[in-house]
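# An overview of the molecular structure
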Amino acid sequence: MMLRISLLIAFFISSHLAQAQSDSLKLVLKNQLALMQFDKALISLEEIYQQSKDEEYYLLNTASCFENLGQTKKAAELYEKLIALNDSHTIAKSKLAQLYKNKGLYRASLELYQNLIESDRSNSYYHKQRAYLALQLGNIQQGLFSYQDAITNNPEDIEAIFGLAKIYLEIRYYPATDSLVELALKLDPDHIPLRILAANSAYRQEKYATIKEHIEVNFRISKDSSAYQLKLLGIANYHLGNYSQSIHCLKRMEIKEEPTELIYNYMGLAYFENGNHQESEASFCKALKLAISNKTGAYYSYLGLNQHILKEYNRAVESFKKSYEYKEDPLMFYYIARSYDENFADKKPAQKYYERFLAESPEKDRPFTTYSEERLSQFKTIEHFKEPK
């Protein structure tokens, strides 16, 4: 009897000591994980497993350590092993889905999130992740519906609202985009990407005052102004008649990022309106070097206008002629005539181009036709009073 009691006491003490040792190891593990000491945590996990034989605990935490150490293949294999062991282990499925997503295995990740949604349809995070993955796989409709499901389950999920607003922007459903952005900004007025999205929507709708409002708020929130925001603000300021501010923004953008044809076009326009015709000409020359759009004719016409104002009439004529080659705008004949008119005593070349302009000019060019008619009339008067040879 005494032997049996002694054995029971020994077993109790042994179990108690083992549990105490296991608890102590888990406390050490907890501290290691908190300090991001994942390599040391792997050693502790091996020791805990040898004592407890708790395979699910071991697999989940070991996989997490490998994942944090950047050893994604080992992590994925352990998560997969755990799911095979326990198909209802949602934590393992969630972690593996995220790991697949990070590795670019979007379809595998999507399948896991769909499985997770079946077990918890009220989880807005799962719906949000499914939306992102669907979009990566080119399924815009599923992405849209999934973001809507996420917002239904969590109306204050700014990330989901932002994602849905981006879809609406891409399909050009601007009222829905703007409504969602307005809702999200009430929840977080300092959300810089939301304001950039709002400015992008406004840019597509040519709402330049709205662009200026959102970008300037962003600049007050953060001093780190991106090239894209400077571009939008520069274009908005041009259309709002703030030419000096437009130039300032676009020049700052030029420092941050190689400008495009579009940017040099707006710089040229802003300099032109500001009366700086040398800088305007230089900007349009740069736009021409990068030109891939159908605006080449317009760039040459502005080159000509700048050269005409700078009294470089011969160069202006060549620019206007090049403009006409790209875009058969009869107005170029008027500008050529003006350049000849102001540069040569012989008015025959000017007369020729005024006449060509009048022969082809549409009604919208009426102010120019009036001037052309007056000049031709003056030429005839001068010719009439000339002494015969």
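As shown above, the structure is provided for reference.
Residues numbered from 1 in each chain as written. Predicted model: local features only at pLDDT ≥ 70, side-chain atom pairs only at ≥ 80, totals over all residues. Heavy atoms only, no water.

## Things to note about the overall build of the chain
Note the cut-off: Only runs of H or I of at least four residues qualify as helices and only runs of E of at least two qualify as strands under DSSP, and these elements are numbered from the N terminus. With C-alpha atoms as the basis for the radius of gyration, the globule rule is written as 2.2 Å multiplied by the number of residues raised to the power 0.38. Categorising residues by exposure relies on relative accessible area from a 1.4 Å probe, with only protein chains included: less than 20% of the type maximum marks a residue as buried, more than 50% marks it as exposed, and the intermediate range marks it as partly exposed. By definition, residues are in contact when any of their heavy atoms lie within 4.5 Å. For the charge count, each Lys or Arg is scored as positive and each Asp or Glu as negative, with His and the chain ends excluded. A charged residue contributes its charge at one atom only: NZ of Lys, CZ of Arg, CG of Asp or CD of Glu.
In terms of regular secondary structure, the chain is built from 21 helices and 0 strands. Relative to its length of 389 residues, the chain is extended, with a C-alpha radius of gyration of 36 Å against a globular reference of 21 Å. Here the C-alpha coordinates of the chain stretch approximately 150 × 35 × 35 Å along the principal axes. Each of the 389 residues in the chain was classed as buried or not, and the buried ones make up 43%. Long-range contacts, defined as pairs at least 24 residues apart, comprise 44% of the intrachain contacts of the chain with a sequence gap of at least 6. Of the charged side chains in the chain, 48 are positive and 50 negative; the average position of the first set lies 2 Å away from that of the second.

## Looking at helix α19 (residues 331-343)
Note the following rule: By this rule the span expected of a helix is its residue count minus one, scaled by 1.5 Å.
Its 13 residues give α19 an end-to-end C-alpha distance of 19 Å, which sits within 8% of 18 Å, the value for a rise of 1.5 Å per residue. Of all 13 residues making up α19, 10 are buried, and the element is well covered by its neighbours. Every buried residue of α19 is listed here: L331, M332, F333, Y334, Y335, I336, A337, S339, Y340 and D341.

## Quick look at the packing of aromatic side chains
We apply this condition: Aromatic pairs are defined between Phe, Tyr and Trp rings, using the six-membered ring for Trp, whenever the two ring centres lie within 6.5 Å; interplanar angles under 30 degrees are classed as stacked, those over 60 as edge-to-face, and all others as tilted. We count a charge as sitting over a ring when the NZ of a lysine or the CZ of an arginine lies within 6 Å of the ring centre and within 35 degrees of the ring normal.
Taken as a whole, this structure holds 22 aromatic pairs when the rule is applied. Taking 5.6 Å as the distance between ring centres and 55° as the angle between the ring planes, the aromatic pair formed by Y238 and Y243 counts as tilted. For Y238, a relative accessible area of 13% puts it in the buried group. Ring centres 5.8 Å apart and planes at 15° place the aromatic pair Y300 and Y326 in the stacked group. Here Y300 is found in helix α17 (residues 296-309), whereas its partner Y326 is found in helix α18 (residues 313-326), with 26 residues between them in sequence. Here the aromatic cluster, defined as three or more aromatic residues joined through ring pairs, consists of F320, Y334, Y335, Y354, F357, F368, Y371 and F379. One Lys or Arg, K101, reaches over the ring of Y132 and ends 4.5 Å from the middle of that ring. The lysine or arginine in question, R252, covers the ring of F219, its NZ or CZ lying 6.0 Å from the ring centre.

## Some details on a nonpolar patch on the surface
To keep it simple, the criterion reads: Residues forming no salt bridge and having over 30% relative accessible area are the ones grouped into patches, like charges within 9 Å of each other and nonpolar side chains (Val, Leu, Ile, Met, Phe, Trp, Tyr) within 5 Å. Only the protein chains shown count as cover for residues, with accessible areas throughout obtained via the Shrake-Rupley method and a probe of 1.4 Å. Throughout this description, the term salt bridge denotes a Lys or Arg side-chain nitrogen within 4 Å of a carboxyl oxygen of Asp or Glu.
A cluster of nonpolar side chains, contributed by I140, I171 and Y173, occupies part of the molecular surface with about 290 Å² of accessible area. Structurally, I171 is set in the loop between α9 (158-170) and α10 (174-187).

## Examining unusual backbone geometry
Residue M36 is not a glycine yet carries a positive backbone phi of 60°. Assignment of secondary structure puts M36 in the loop between α1 (2-34) and α2 (38-52). Classification of M36 as exposed rests on a relative accessible area of 57%. Its identity as a non-glycine residue notwithstanding, R172 has a phi of 65°, on the positive side. Assignment of secondary structure puts R172 in the loop between α9 and α10. Under the relative-accessibility criterion, R172 is labelled exposed at 64%.

## Some details on the side chain of H127
Counted only if it meets this: Polar contact is the term for a pair of N or O atoms within 3.5 Å; when the atoms are in protein, one must be able to donate a hydrogen and the other to accept it, and sequence-neighboring residues count only if both atoms are side-chain atoms.
Summarising the element assignment, H127 is placed in helix α7 (residues 124-136). At 2.8 Å, the side chain of H127 and the backbone oxygen of R121 are in polar contact.

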